[in-house]
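Working through the structure, step by step
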Amino acid sequence: MSDTPTAALELVPEGTSPSALEMIERASIDVQIATAHRFPRSMELFKKKALDMVSLDQETAASCIYRRNVGKDPETHKEKIAEGMSIRMAEIVGACYGNLRVMSMIVEQTPTFVKCRAVAHDLESNYLAASESIESTTYKDGNPYPPRMRILIAKATLSKAHRDATFKVVPRALCKGVMAQAVKVE
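In this text the structure is predicted, and so the values were computed from the model without any measurement. (Residues numbered from 1 in each chain as written. Predicted model: local features only at pLDDT ≥ 70, side-chain atom pairs only at ≥ 80, totals over all residues. Heavy atoms only, no water.)

**Some points on the overall build of the protein**
The helix and strand inventory of the protein stands at six helices and five strands. Secondary structure elements in the protein, listed N-terminal to C-terminal, are α-α-α-β-β-α-β-β-β-α-α. Among the 186 residues that make up the protein, the fraction classed as buried is 28%. Within the protein, residue pairs in contact and separated by at least 24 positions form 58% of the contacts whose partners lie at least 6 positions apart. Accessible area for the protein stands at about 12600 Å²; split by element, carbon and sulfur atoms hold 57% of it. (Helix = DSSP H or I, 4+ residues; strand = E, 2+ residues; numbered from the N terminus. Buried < 20%, exposed > 50% of the residue type's maximum accessible area, 1.4 Å probe, protein only. Contact = heavy atoms within 4.5 Å. Areas by Shrake-Rupley, 256 points an atom, 1.4 Å probe, with all protein chains shown as cover.)

Shown next, in the form of C-alpha cells:
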C-alpha cells in the first residue's frame, strides 16, 4: 500500500453539465450546420441529380416505388394497390437534397411488436422532424414470429421510419417530379 494520498471521486449530479460525448456531438452538429450555411443546397442541382439517379436503369426506378395490396374494391372486386415512395427513393432524395442528417433506431422490441424512430434534420434551415413506425411481430393467431423473421420486420420498420422522417423534412412536393420519372422509367 502506498503512503501517497488518493483523490476522492467527485460525484456530479446528472444533468448539471454535459458529458464529454454530448459536447462532442454538439460540436459535430455545429460544424455541420456551419458547413451547410457555407455550401447551401441548390434546388436545380437537387432536381437534376435526383432525376439522374432514379433514371439510372429500370431496376433503380422500380426500387423507388413501393406497391402493396390493400384488399379488394367491394364494387369491382379488383385488387386495390397502395403505391408510394419507397425507402430507396428517400435515400436518393436525401443524398441529392444535401445538408441533411437522418438517423433511425429501434426504440422498443418485444415478442409481439417492434417500434422504431427516425429523426431527420435539415442543417440549413435547422428544421428537425421525427417519425415513429410500429409493426407487429406475431401471426394472426397471436404466436410470435421466429427470431430471424422478427429481425427482418425490425429492419423493415427502421426503413419505414427513415423514409417517413426524410419526407417530413424534404417536402414531398419537391419529389413529385422524381416519382413521376421513376414511374416513367420503370
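Okay, back to it.
**Thoughts on the state of the cysteines**
A complete count under the given rule lists zero disulfides for this structure. No disulfide involves Cys175; its sulfur sits 10 Å from the nearest other cysteine sulfur, which is in Cys96. A residue is classified by how much of its surface remains accessible, and Cys175, at 0% relative accessible area, is buried. (Disulfide = S-S within 2.5 Å.)

**A few points about the packing of helix α2 (residues 43-54) against helix α6 (residues 172-185)**
Between α2 and α6, whose axes approach to 9 Å, the crossing angle comes to 20°. The angle between α2 and α6 falls in the class roughly parallel. Crossing handedness for the pair α2 and α6: right-handed. Here α2 contributes Met43, Phe46, Ala50, Leu51 and Val54 to the contact with α6, which in turn contributes Leu174, Gly177, Val178, Gln181, Ala182 and Val185. Grouping the constituent residues of the contact of α2 with α6 by class yields nine nonpolar, two polar and no charged. (Axes fitted to C-alpha atoms, helices over the stretch in contact; angles between N-to-C directions. Parallel < 35°, antiparallel > 145°, perpendicular 65-115°, else oblique. Left-handed = near helix turned anticlockwise from the far one by under 90°. Nonpolar A, V, L, I, M, F, W, Y, C, P; charged D, E, K, R; others polar.)

**Thoughts on the pattern of salt bridges**
What the rule picks out here adds up to eleven salt bridges. A salt bridge links Arg41 to Asp122; its shortest N-O distance comes to 2.9 Å. Here the residue Arg41 occupies a position in the loop between α1 (20-38) and α2, and Asp122 occupies one in strand β4 (residues 113-122), the gap between them amounting to 81 residues. In this structure, Glu132 engages Arg117 in a salt bridge whose closest nitrogen and oxygen atoms are separated by 2.4 Å. Taken together, the positions of Glu132 in strand β5 (residues 127-136) and Arg117 in strand β4 put the pair 15 residues apart, joining distant regions of the chain. You can call Arg117 partly exposed: its relative accessible area is 29%. A network of salt bridges, in which partner residues are shared, links Arg41, Asp122 and Glu124. (Salt bridge = Lys/Arg side-chain N within 4 Å of Asp/Glu carboxyl O.)

**Points about the sheet that holds β5**
Spatially, β3-β4-β5 is the arrangement adopted by the three strands of the open sheet, whose pairing is antiparallel. Two strands close off the open sheet at either side, each with one partner strand: β3 (100-109) and β5. With direction set aside, neighbouring strand axes in the sheet form an average angle of 15°. As paired strands, β3 and β4 are joined by nine bridges and run antiparallel to one another. The residue bridging Leu100 from the neighbouring strand is Asp122, located in β4. Sheet strands touched by helix α5 (residues 147-169): β3, β4 and β5. Its angle to β5, the strand with the most contacts, is close to 150°. (Pairing = 2+ DSSP bridges.)

**A word on the confidence of the model for the protein**
Averaged over all residues, the pLDDT of the protein equals 90, while 91% of them reach at least 70. Confidence over residues 1-7 falls short of pLDDT 50; this stretch has zero contacts with residues more than four positions distant or in other chains. (pLDDT = per-residue confidence, 0-100.)

**What to know about the nonpolar core**
Across soluble globular proteins, you tend to see nonpolar side chains buried next to one another. Among the nonpolar cores identified, the biggest contains 33 residues, and Val54, Met89, Val93, Phe167 and Ala182 are the most heavily contacted of them. Listed by contribution, the elements that provide at least two residues to this core are α2, α4 (87-97), β4, α5 and α6. Those residues in contact with Ala182 that lie beyond four places of it in its chain are Val54, Ala61, Cys64, Ile65 and Met89. (Core = buried A, V, L, I, M, F, W, Y, C linked by side-chain atoms within 4.5 Å.)

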